[in-house]
Amino acid sequence: HRSKVFGKIAEVGIPGVLAGALLASTFFLFILSVTRNTVANTLVLMSVSPFFVAIFGRVFLHERLPLRTWAAIAAALLGIGLMFSEGLDTGRTIGNLLALGVPVAFGLNVVILRRTHASVSMAPAILLAGIFSLLVSLPLAWPLTPTVLDFVVLGIMGWVQLGLGCILLTLAARYLSAGEIGLLALLETTLGPIWVWLGLGERPSDAAIAGGAIVIGALLMNGLWGMRQRANSLDSRS
């Protein structure tokens, strides 16, 4: 936006500030969870964001939920229950709760934006989230002692892992439906634990694998069912 950048930031108003704060909280919740939990548990629990969006939309915005979504939520709760039962034995309950805070914050974020009818670009909210994260974490990290290797790792994480991923997702949104993007997002949940398993030898427990499979299956079926219903609706109109 060049010279209009500060005006664009101001346009987001209170909804944008709240969105930035909630997004910043997901950063901290993710990091705190993954240091107290397996990557598999953290990613699977984070993946249930669509269900929290649906539930909060029903509670706060009185949006109706189709039966398929209620069925998927029930199945996902069963999988989450399995993962939490495993956490009780291994001391990962806190990590599970922190991971579950990510979809809760995301769901509240979406509800706030819908409730306030935010019509401007919320891209500046990502910048605000970064600023909020910096303000909270800087006192905890001071004095800074990063090495050259630290800067390299941070650069890869910021520019490649996160930055490139966001760019590709934005480009994909031009060609794919929301349902298709949601299904592709499940690849992060499935591949993330596999990379960590292969690279670091962190194998999820049997209960976590079973619970994660149920959650991913619920997300997959809900997404595919929704895409099929939308396709049938379009066919009937034409």
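Keep in mind it's a predicted model, so treat the numbers as computed, not measured. (Residues numbered from 1 in each chain as written. Predicted model: local features only at pLDDT ≥ 70, side-chain atom pairs only at ≥ 80, totals over all residues. Heavy atoms only, no water.)

(A) Structural context of the pattern of salt bridges. Evaluation of the coordinates by the stated rule reveals 1 salt bridge. With a closest N to O distance of 2.9 Å, Arg 114 and Glu 63 form a salt bridge. In this pair, Arg 114 is assigned in helix α6 (residues 93-115) and Glu 63 in the loop between α4 (49-61) and α5 (67-90), connecting sequence segments 51 residues apart. Taking the relative accessible area as the measure of exposure, Arg 114 reaches 40% and is therefore partly exposed. (Salt bridge = Lys/Arg side-chain N within 4 Å of Asp/Glu carboxyl O. Helix = DSSP H or I, 4+ residues; strand = E, 2+ residues; numbered from the N terminus. Buried < 20%, exposed > 50% of the residue type's maximum accessible area, 1.4 Å probe, protein only.)

(B) Quick peek at the side chain of Ser 47. Relative to the elements of secondary structure, Ser 47 occurs in the loop between α3 (39-46) and α4. For Ser 47, the contacting residues outside a window of four places in its chain are Thr 189, Val 215 and Leu 219. (Contact = heavy atoms within 4.5 Å.)

(C) How the structure looks around the packing of α3 against α6. Taken N-terminus to C-terminus, the directions of α3 and α6 make an angle of 30°; their axes are 7 Å apart at the nearest point. In terms of orientation, α3 and α6 fall into the roughly parallel class. Both α3 and α6 take part in a crossing whose hand is right-handed. Within the contact between the two elements, α3 uses Asn 41, Thr 42, Leu 45 and Met 46 and α6 uses Asn 96, Ala 99, Leu 100, Val 102 and Pro 103. When grouped by side-chain class, the residues that make up the contact of α3 with α6 number 6 nonpolar, 3 polar and no charged. (Axes fitted to C-alpha atoms, helices over the stretch in contact; angles between N-to-C directions. Parallel < 35°, antiparallel > 145°, perpendicular 65-115°, else oblique. Left-handed = near helix turned anticlockwise from the far one by under 90°. Nonpolar A, V, L, I, M, F, W, Y, C, P; charged D, E, K, R; others polar.)

(D) Geometry of α6. For α6, built from 23 residues, the straight-helix expectation of 33 Å at 1.5 Å per residue is met to within 8% by its first-to-last C-alpha distance of 33 Å. Phi turns positive one or two residues past the end of α6, at His 117, with a value near 55°. (Expected span 1.5 Å × (residues − 1).)

(E) Local environment of the layout of surface pockets. Estimated volume of the second largest pocket: approximately 220 Å³. Lining of the second largest pocket is provided by 15 residues; of these, Ala 40, Thr 190, Pro 193, Pro 204 and Ile 209 occupy positions nearest its centre. When contributions to the lining of the second largest pocket are tallied by element, the ones reaching two or more residues are α3, α9 (178-200) and α10 (206-237). Grouping the amino acids of the lining of the second largest pocket by side-chain chemistry returns 11 nonpolar, 4 polar and no charged. (1 Å grid on protein atoms, 1.4 Å probe; cavity = no way out; pocket = protein on both sides within 12 Å on 5 of 7 lines; lining within 4 Å. Points joined across faces, edges and corners; volume = space filled by probe spheres on them.)

(F) Inspection of the side chain of Thr 38 at higher detail. Relative to the assigned elements, Thr 38 resides in the loop between α2 (13-34) and α3. A distance of 3.1 Å separates a polar side-chain atom of Thr 38 from the backbone nitrogen of Asn 41. (Polar contact = N/O pair within 3.5 Å; in protein donor to acceptor, adjacent residues only side chain to side chain.)

(G) Layout of helix α7 (residues 123-141). The end-to-end C-alpha distance of α7 is 27 Å, a good match for the 27 Å that 19 residues give at a rise of 1.5 Å each. Within α7, the axis deviates most sharply at Leu 135, by approximately 25°, and proline Pro 139 lies no more than four positions further along. Within α7, the full set of buried residues consists of Pro 124, Ala 125, Leu 128, Ala 129 and Ser 133. (Bend = angle between axes of the 7 residues up to and from the residue.)

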